[in-house]
Every structure is written in C-alpha cells, then in structure tokens.
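Structural characterization, general
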Amino acid sequence: MALQTSGAISLNDIHVEAGGSSGTSATINDTDIRGLISKGSGAAMSFSEWYGASNYSYGGNAIWGSRWITGGGSRYNQQGGYDSLGGGYMSEMQYDDFNTGGTSSVFGHLGADVYGSSCVSNGSRIVWCGQQRTSPWSYVGSNPMRYVTVGSTGNASSLGSLAVGNTYGCSAMDTAGRGVNCPGEKVNGNSYVTSLDYFQISTSGNASNFGTLPYGAKNRGATERTAGRLIFCGGGVYSSTNLNGIQYISSASGGTGGTFGSLTTRRRYTSAATNGTRALIMGGAGHEIYSDSTTPRFNINYVTIGTTGNATDFG
C-alpha cells in the first residue's frame, strides 16, 4: 500500500511501507527507507518526499521513487522536417521530482543520440535498451544498454550489450530485478524479432536469451511481471496493419510465450501499467497507410493478468 499523499507522516509509517515492523528501530538514512525515494546515503531529505511512495516490489527492489527521468528521442516529424528547436536525435536526459513539479532540468547525456530505445528500472537504476539512427528514416538496429543511477545526476554508463540489437522494442522488469527486453525491429520493414533478452539491472554484463513470443512487432507496451506473467500489448509491423494482440510469458525461467487475448482497438506506440492484478493499456495510434486511422487512441483497455482473455474498455 502506498503512503499517504498529504498530512502528517512519521518515520514509523515510512519504515512499515519499506517492509519493517511497526515500532522497531529505524533511521531516515536506512537503505530500505531511502530506496523508496531513490535517495543516496547522507542526502538531505524531508518527510514530505515520501508522500505517495510505495514499496510495490519484485525481488525486494522498489519500483517507485520520487523522480522521473526521460532521455533520447527525435525532433524529426513525418512532414519531413524538424521542430522549431532544430537538430535531430537527442542524447540529453531530463528529470524532475514528482513531489516538486515545475520545469525539468538536465540530468546528463546518454553518450549517443538515441531514438527507438526502451527503458526499464528497478527503482534505483534506469536502463536504456537498444537504439537506432544514422539519419532520418534510416533504421539501424543496435544493441547497447546504458544506465543511470536515479538518485545521482550525471551521464549514462555502459551496462553491456543486448543479445539481439533492435529498435522500437519494449522492456519490463521480471522477478529478482531482471530486465526483460522484447526486441521490436531489426531492419526496417524486414525483420521483427520474437526472441526476448534478459539481464540483471543492478549488475553490468551482457544480456542472454530469455525465451520467445508467438510473433514479433514493434511499438508495443509491456507490464512488469505480476501474477506470474509478463504481458506485451499491441504494436505493429510495417508491412501489415497494426496489431491488437496481447502476448505473455509466464515462466520465471523464460521459455515459449503464448497469446493472451486481443485489445478492443488496434494500436501501436502503446503504454502499459499494472497494479499487480490488472494491466492497463493506453494511448497509441493507428497508421493511415494501412487503413487503420492515425486518430489517437483515447480509450484505455484493461485485462486481469491472472486470467487470459480479451481486453475490456476501462475509460
């Protein structure tokens, strides 16, 4: 259960949320307590920074902290030009604290222009997986993994290499702090990858093969592994329409995945989130070339992770 978002909050409240027993000894600098908001040892902290913090975790790693970070991307648009800021692909990372708001600040740089990558986090590290780009619409699947420590600003460091270089993939966290990368596209329009990679988020090293899905697609959304399943939603392939399929893999040791059901609307560029019981799939768009309207997908779908079946409209 997450901590309250306003009013009085005590060290005991925070200690219990972090997994401690009520009334037992704790300090604000304890690793598990700092970990709820991704703070470094000895950092200046205020109790209000724990508003809304949650120890919703896998393998003891808290997912949620007090800071968001975004990095990479492209300023190139489908009308064949750049936006008013100029330039093309970005290496810059920006961040802000959830409890502060306001204008974001520069966190650091990824070390290369990154577009078409995916991210996964264990609460203390964020890992960017894959990349592309040499020029607009020139797709080059790539296999670097780069990470930052959430609580400390600075440039990204190398974590290792994916087993399969890709772009437009998606990533999520499995049990025991493992990142699972679902590759999207290897070469534009020619190869959509079905294999999954995994790696330890907290330890540098190369990724290994985790398993396979029934079919490949790009621009999917993925949930963390809850209720025994990792779920991959929507997506598309360049030579066909966008897909409304939901796929999953259930074994903690990988293996062969299966089909879960269908979304109510075909969509790519989706996002997904979970509370451990339900998965929400939201956002995205179609593709006008394949008679699948580019109108944004405003409807939110949901599925109950423990039971396979088609998605239902949420709102």
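Anything mentioned here points back to the structure above.
**Description of the pairing of strand S7 (residues 125-129)**
For S7, the tally of buried residues reaches 5 of 5 residues, placing the bulk of the element in the interior. What you see with S7 is no split at all: Arg125, Val127 and Cys129 on one side and Ile126 and Trp128 on the other are buried throughout. With 4 bridges joining them, strand S6 (residues 118-121) and S7 adopt antiparallel strand pairing. Within the sheet, the bridge partner assigned to Cys119 lies in S7 and is Trp128.

**Topic: the side chain of Arg67**
In this structure, Arg67 sits in strand S3 (residues 67-71). Polar contacts involving the side chain of Arg67 include one to the side chain of Asp97, which spans 3.1 Å. Those residues in contact with Arg67 that lie beyond four places of it in its chain are Tyr95, Asp96, Asp97, Phe98, Phe107, Val150, Gly151, Ser152 and Thr153.

**Digging into the side chain of Lys218**
Among the structural elements, Lys218 can be located in the loop between strand S15 (208-212) and strand S16 (221-222). At a separation of 3.4 Å, a polar atom in the side chain of Lys218 contacts the side chain of Glu185.

**Regarding the sheet that holds S6**
Within a sheet, neighbouring strands are paired by backbone hydrogen bonds and run either parallel or antiparallel to one another. As summarised here, the arrangement of the 4 strands in space is S6-S7-S8-S9, forming an open sheet in which the pairing is antiparallel. Taken across any chain shown, the strands that pair with only one partner, and hence form the sheet edges, are S6 and strand S9 (157-166). Geometrically, the sheet is characterised by an average inter-axis angle of 25 degrees between neighbouring strands, direction not taken into account.

**A short note on the pattern of salt bridges**
Evaluation of the coordinates by the stated rule reveals 2 salt bridges. We note a salt bridge from Asp97 to Arg67, for which the minimum N-O separation is 3.1 Å. Within this pair, whereas Asp97 is found in strand S4 (residues 92-97), its partner Arg67 is found in strand S3, the two being separated by 30 residues in sequence. The salt bridge partner of Glu185 is Lys218, with a shortest N-O separation of 3.4 Å. In this pair, Glu185 sits in strand S12 (residues 185-187) while Lys218 sits in the loop between S15 and S16, placing the two residues 33 residues apart along the sequence.

**Quick word on the packing of aromatic side chains**
All told, the structure shown has 4 aromatic pairs when counted by the stated rule. Judged by centre distance (5.9 Å) and plane angle (80 degrees), the rings of Tyr248 and Phe260 are edge-to-face. With Tyr248 in strand S18 (residues 245-249) and Phe260 in strand S20 (residues 258-262), the pair connects residues that are 12 residues apart, well separated along the chain. Phe260 carries the same exposure label as Tyr248, and that label is buried. Across the ring face of Tyr198, the terminal group of Arg178 is positioned such that the distance to the ring centre comes to 5.5 Å. Against the face of Tyr302 rests Arg278, its NZ or CZ located 3.9 Å from the ring centre.

Calculation rules
Residues numbered from 1 in each chain as written. Predicted model: local features only at pLDDT ≥ 70, side-chain atom pairs only at ≥ 80, totals over all residues. Heavy atoms only, no water. Buried < 20%, exposed > 50% of the residue type's maximum accessible area, 1.4 Å probe, protein only. Helix = DSSP H or I, 4+ residues; strand = E, 2+ residues; numbered from the N terminus. Pairing = 2+ DSSP bridges. Polar contact = N/O pair within 3.5 Å; in protein donor to acceptor, adjacent residues only side chain to side chain. Contact = heavy atoms within 4.5 Å. Axes fitted to C-alpha atoms, helices over the stretch in contact; angles between N-to-C directions. Salt bridge = Lys/Arg side-chain N within 4 Å of Asp/Glu carboxyl O. Phe/Tyr/Trp six-rings, centres within 6.5 Å; stacked < 30°, edge-to-face > 60°. Lys NZ or Arg CZ within 6 Å of the ring centre and 35° of its normal.

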